[in-house]
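Structural overview
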Amino acid sequence: MGTGRAIKKMTLRIANAAGFWGDWPSAPRRLLETTEVDFLTLEYLAELTLSIMASQRKKSPAAGYATDFVTVTEDIVSLLQTQSQLKIVTNAGGLNPISCARDVGKVLAKCGLGNLPIGVVFGDDLLPQMDTLTKEGCEFLHFDRGEPLGTLREKVISANAYLGAEPIFRSLQKGARIVITGRVADASLTVGPAVHQFGWAWDDWNALAAASIAGHIIECGAQATGGYSTDWKSCQLANIGYPIAEIGSDGQFIITKPDGSGGQVTRHTVTEQLVYEIGDPAAYVTPDVIVDFTTVELAALAENRVAVRGSTGREAPESYKGSLAYADGFTASGQLLVFGKDCVVKAKVVAGLIEERLHQDGIELARMHTELLGAGDGLPGMRPPPDDLPEVMLRIAAYDPRREAVAAFARQFAPLITNGPAGLAGYAQGRPSVRPVYSYWPTTVPKELVFPEVQVLDADHWAKTPENN
Amino acid sequence: MHEKTIALGEVATARSGDKGNHANVAVIAWRQAGYQFLEEFLTAERVAEFFQGLGSSHVDRFALPKLGSLNFLLHDALGGGASQSLRIDTQGKLLGTALLDLQLPVPDNVTEMLRGNS
């Protein structure tokens, strides 16, 4: 491999400091203050985040992206100034990457970084082209059930393809220091920078697989470093460090975290995240490569340093994964604390009262679900409730296609203060809110029908982009 | 037949999550001997039985021997998935913790399976 110096040069340090929209706001700053990385990735989009953004964009055309990223930018802007090697790749753009780039551009411009190049990746948003895609023969078949989308088409609120690493790579090649995307595969946030650094061919399946695994391990933030661990007692979580992948020129990599931070990186914590939210481990599908997790081996090199070796992959699929969300009725949930030695019986009576009163008003809800939290109902049907509980939290959730029926359900909780049994508390949160349900429709879209595009411009330029763009 | 039992949590950790309306529960043995034991005793059927209250249609098991792990995919186990489920645990986050209470027969070489230098 050559000298130690050469090895260092050929290693790319990629960190992740956000695993979802709402993750620890200070994690990016904490990480950058304690260690130097080449790339910071920030991942904000879960399966249904885009449908939430779609409803926000309906109310305000400038909304529809992960606003957390603007706050993070404000928090780390001085580090962007002092750490010239640092680049950021994020999917914070959501459904409105231009709006995101504009608001981030404004923050940078205000802090003297108006010439910082921001790349924006477009083309994942399929909603405007759904009719064209339908004409091209795309039926948006349900990924699991094989059914065509059919008349649900008119209820679709968001439709996105999971783009791959290529447009991120392209943005970096054009000089972007911050890359803002909409929906891309989570692992691709890491693969893009790696291909940019090492120049791998797009059919170098093993290298792409290795970088994809690195991305998969770090994409959920602290879940790779001791967070969400059933072995939570064995590490200090208050100042948990977020993960870093040190990727070599062949894609093989080491997982670590900032020195002095809490949490831990062991073979065990890395394995826990490797197997998180996967199906068949021999075929983990990304737009860049199909990854085989079963060939992977881990080796503990030192404290909080684990090597990941033996990654293998095969040819990428011919389709992008597509993610549609459609309006699908309304839901609400309410809670009451039920106190007293007969709390389990009483809670069931209270639940029955709500149902009976709705019935008297002629309202039958499509679905209701009652849980006695504290009695084991966090997982329904697993065990009977113990008979000696001092209290239980009664939680009732309802669903119905009609907003008004769910609103009627939400109105049933408060009256129980005066016309229900004694020993109920917890009204202070007010009436449960009625929320629209957006259901998830996973599908595939042929790659030749999707056109990822990139635009790289200075922060100043993005900051001046008109709001209705 | 073994008389005594041991909780799965003595020999492994677990992590669960959602994939649409499916849940995945991965079990990670502390040590290689533990993995071999789980490969034999922690069958898809046993996990399906443990979680039968969730209404899963079927359970697939995938082995990752090099990582000392078994991955279970519980089909249709989440009451509709993140968007439609009325449960407090819409995403199956509790399943891993729950599964660690599963009782298994105590193997003869149990001391080789307990947490050590992993």
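Residues numbered from 1 in each chain as written. Chains lettered and ligands numbered in written order. Predicted model: local features only at pLDDT ≥ 70, side-chain atom pairs only at ≥ 80, totals over all residues. Heavy atoms only, no water.

Moving on, we come to a negative patch on the surface. Taken together, the side chains of Glu 136, Asp 203, Asp 204, Glu 315, Glu 318 and Glu 448 of chain A present a region of like negative charge at the surface. Tracing the backbone through its elements, the reader meets Asp 203 of chain A in the loop between helix H8 (188-198) and helix H9 (205-218). (Patch = residues over 30% accessible without salt bridge, like charges linked within 9 Å, V, L, I, M, F, W, Y side chains within 5 Å. Areas by Shrake-Rupley, 256 points an atom, 1.4 Å probe, with all protein chains shown as cover. Salt bridge = Lys/Arg side-chain N within 4 Å of Asp/Glu carboxyl O. Lys, Arg positive; Asp, Glu negative; His and termini not counted. Charge placed at Lys NZ, Arg CZ, Asp CG, Glu CD. Helix = DSSP H or I, 4+ residues; strand = E, 2+ residues; numbered from the N terminus.)

Domain parsing of chain A yields domain 1 (4-125 + 160-323 + 449-463) and domain 2 (325-438). A C-alpha centroid distance of 40 Å is found between domain 1 of chain A and domain 2 of chain A. (Domains from an automatic or database assignment.)

Counted under the stated rule, the structure contains 14 salt bridges over all chains. Notably, a salt bridge pairs Glu 272 of chain A with Arg 15 of chain B, separated by 3.5 Å at the nearest N-O pair. One end of the pair, Glu 272 of chain A, is in helix H10 (residues 267-274); the other, Arg 15 of chain B, is in strand E2 (residues 12-19), on a second chain. When its relative accessible area of 0% is taken as the criterion, Glu 272 of chain A is described as buried. Here Asp 400 of chain A and Arg 402 of chain A are joined by a salt bridge, their closest N and O atoms 2.7 Å apart. Asp 400 of chain A gets classed as buried once you look at its relative accessible area, which sits at 2%. Taking the relative accessible area as the measure of exposure, Arg 402 of chain A reaches 43% and is therefore partly exposed. Linked by salt bridges that have partners in common, Arg 13, Glu 246 and Arg 305 of chain A make up one network. (Buried < 20%, exposed > 50% of the residue type's maximum accessible area, 1.4 Å probe, protein only.)

Let us now look at the sheet that holds strand E11 (residues 297-302) of chain A. Residue and element names in this part refer to chain A. Read across the open sheet, the 10 strands follow the order E11-E12-E8-E7-E1-E2-E3-E6-E4-E19; overall the sheet is mixed. The open sheet has two edge strands, E11 and strand E19 (453-458), and neither has a second partner. Between one strand axis and the next, the sheet turns through 20 degrees on average, direction left out of account. Pairing of strand E4 (residues 117-122) with E19 involves six bridges; the strand directions are antiparallel. Looking at the pairing, Phe 122 lines up with Glu 453 of E19. Of the strands in this sheet, E4 and strand E6 (178-180) are in contact with helix H5 (residues 97-110), which crosses E4 at around 170 degrees. Lying over the sheet, H8 contacts strand E1 (12-16), strand E2 (39-42), strand E3 (87-90) and strand E7 (244-247), oriented at roughly 165 degrees with respect to E1. (Pairing = 2+ DSSP bridges. Axes fitted to C-alpha atoms, helices over the stretch in contact; angles between N-to-C directions. Contact = heavy atoms within 4.5 Å.)

A separate point is the packing of aromatic side chains. Residue and element names in this part refer to chain A. With the rule as written, the count across this model stands at nine aromatic pairs over all chains. Aromatic side chains Tyr 284 and Phe 293 sit 4.9 Å apart centroid to centroid with 40 degrees between the ring planes, which places their arrangement in the tilted category. Of the two residues, Tyr 284 and Phe 293, both sit in the buried class. Over the aromatic face of Tyr 320 sits the side chain of Lys 447, whose NZ or CZ is 5.5 Å from the ring centroid. (Phe/Tyr/Trp six-rings, centres within 6.5 Å; stacked < 30°, edge-to-face > 60°. Lys NZ or Arg CZ within 6 Å of the ring centre and 35° of its normal.)

Turning next to the interface of chain A and chain B. Contacts between chain A and chain B engage 52 residues on the former and 43 residues on the latter. Between chain A and chain B the total buried area reaches about 3800 Å² when both faces are included, carbon and sulfur atoms providing 58% of it. Counting the contacts that link chain A with chain B gives two salt bridges. Along the contact surface separating chain A from chain B lie 26 residue pairs in polar contact (both at pLDDT 80 or more). Mapped onto the side of chain A that touches chain B, the elements with two or more residues apiece are H10, E11, strand E14 (319-339), strand E15 (367-373), strand E16 (391-400) and strand E18 (435-446) of chain A. Element by element, the count of residues in the side of chain A that touches chain B is highest for H10 of chain A, at six residues. Among the residues forming the side of chain A that touches chain B, the class breakdown is 22 nonpolar, 17 polar and 13 charged. (Buried area = accessible area lost by both parts, 1.4 Å probe. Polar contact = N/O pair within 3.5 Å; in protein donor to acceptor, adjacent residues only side chain to side chain. Nonpolar A, V, L, I, M, F, W, Y, C, P; charged D, E, K, R; others polar.)

Right, let's talk about the sheet that holds strand E3 (residues 22-29) of chain B for a bit. Adjacent strands of a sheet form backbone hydrogen bonds with each other and so pair up, either parallel or antiparallel. All names here are of chain B. The sheet built from four strands is open, its strands ordered E2-E3-E5-E4 with antiparallel pairing. Only two strands of the sheet have a single partner each, and these edge strands are E2 and strand E4 (59-64). Here the average twist between neighbouring strands, direction ignored, is 20 degrees. In terms of strand pairing, E2 meets E3 through eight bridges, oriented antiparallel. In the sheet register, Ala 12 faces E3, and the bridge partner there is Ala 29. Along the sheet, helix H1 (residues 32-41) contacts E2, E3, E4 and strand E5 (69-74); its crossing angle with E4, the most-contacted strand, is approximately 150 degrees.

Here we take up the packing of helix H2 (residues 27-34) of chain A against helix H4 (residues 68-82) of chain A. All names here are of chain A. Two numbers describe how H2 lies on H4: the axes approach to 9 Å, and their chain directions differ by 10 degrees. With respect to H4, the axis of H2 lies roughly parallel. Facing H2, whose interface residues are Pro 28, Arg 29, Leu 32 and Glu 33, H4 presents Val 72, Asp 75, Ile 76 and Leu 79. Residue composition of the contact of H2 with H4, grouped by class: five nonpolar, no polar and three charged. (Parallel < 35°, antiparallel > 145°, perpendicular 65-115°, else oblique.)

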